[in-house]
Every structure is written in C-alpha cells, then in structure tokens.
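Here's the letter readout for the chains.
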Amino acid sequence: MSSGIEMRDDRARGVIEARADGEVVGQIVYFTLDAPESALVPVHTEVVPAHEGEGIAGSLARELYAMAAREGVAVAPLCPYVVKWAGRHPDEAPVASGELVSAALAKVKSDPAAW
C-alpha cells in the first residue's frame, strides 16, 4: 500500500475512509447489526481510479476486520470485494455464520438505504 495512507472510521456515516494528503482515496461503506450478534456489515468498497492498484482496497478490508476484532464484533461481508478478500485472508477474516449473513441480507431487504 502507498505510504502516508491514513484510515479513519466515521461510525455515524458508516464509512471507513482511506486518506492521502487529506483527501479521500478509498472507502468501505458499512452498517452495523445488533442481532443475532453485533456485527459490521460492509456493503461497498471503492477506490479513486487514480489510486487503483496501490493496495488501498485490501488495506481498507484489513482495517475493517481489525476494527471488528478490537470491538469484539463479527463481520458479515456483503460487499463482493470484501467477500473475496476474506476468502484470501482466512487468518484475518473469521467466517460469519449463515444466520448472521441472513440477518444482514434481511436488513438490506427491509431497508435498501443500508445498501
């Protein structure tokens, strides 16, 4: 990943931002679940085209899982990128239960704004 990238979580907005020189160069959008267990649910990962290929998306996914671990909550990835990243990094990305993923999908169905 590029040096000088700072990660910032804005829980109120449900966004982890990757910033370089004060500008957002990538982000993961997520929402939280309380049941069947507390979880972060990433729904979209995006990197500014000028910064693609620098490892920013992977660093965002790593930060999401690290943040969840620090908080003692699960991750139920719905974002296709995070699902793929988690599959390549099973040591850093515990698999969410089927019940948790179903609850995350139900939340999106009941509240499309969450997606």
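Treat the numbers as computed from the prediction; the structure is a model and nothing was measured.

Caption draft 1: Fine view of the overall build of the protein. Each helix and strand in the protein was counted, giving three helices and five strands. Taken from the N to the C terminus, the helices and strands of the protein come in the order β-β-β-β-α-β-α-α. On C-alpha atoms alone, the protein measures out to a radius of gyration of 14 Å, which is about the 13 Å that the 2.2 N^0.38 rule sets for 115 residues. Relative to its full complement of 115 residues, the protein shows a buried share of 43%. Restricting the contact set of the protein to residue pairs at least 6 apart, pairs at least 24 apart contribute 49%. Accessible area of the protein: about 6,200 Å², with a carbon and sulfur share of 52%.

Caption draft 2: Local environment of helix H3 (residues 98–110). End to end, H3 covers 18 Å across 13 residues, agreeing with the expected 18 Å (1.5 Å per residue, within 8%). Within H3, burial applies to Leu-100, Ala-103, Ala-104 and Val-108. Taken end-on, H3 shows its buried residues confined to a sector of 140°, consistent with a single buried face. H3 presents Gly-98, Glu-99, Lys-109 and Ser-110 as exposed residues on the side facing more than 90 degrees away from its buried surface.

Caption draft 3: How the structure looks around the pattern of salt bridges. Applying the stated criterion across every chain yields a total of nine salt bridges. The partner of Arg-11 in a salt bridge is Glu-71, with the nearest N and O atoms 2.7 Å apart. In this pair, Arg-11 is assigned in the loop between strand S1 (5–10) and strand S2 (15–20) and Glu-71 in helix H1 (residues 56–71), connecting sequence segments 60 residues apart. Put simply, Arg-19 and Glu-17 hold a salt bridge, and the shortest N to O gap is 3.0 Å. Accessibility assignment for this pair places Arg-19 and Glu-17 in one class, buried. In the salt-bridge network here, residues are joined through shared partners; they are Asp-10, Arg-13, Glu-17 and Arg-19.

Reading the values: the criteria
Residues numbered from 1 in each chain as written. Predicted model: local features only at pLDDT ≥ 70, side-chain atom pairs only at ≥ 80, totals over all residues. Heavy atoms only, no water. Helix = DSSP H or I, 4+ residues; strand = E, 2+ residues; numbered from the N terminus. Rg over C-alpha atoms; globule rule 2.2 N^0.38 Å. Buried < 20%, exposed > 50% of the residue type's maximum accessible area, 1.4 Å probe, protein only. Contact = heavy atoms within 4.5 Å. Areas by Shrake-Rupley, 256 points an atom, 1.4 Å probe, with all protein chains shown as cover. Expected span 1.5 Å × (residues − 1). Arc of directions from axis to C-beta. Salt bridge = Lys/Arg side-chain N within 4 Å of Asp/Glu carboxyl O.

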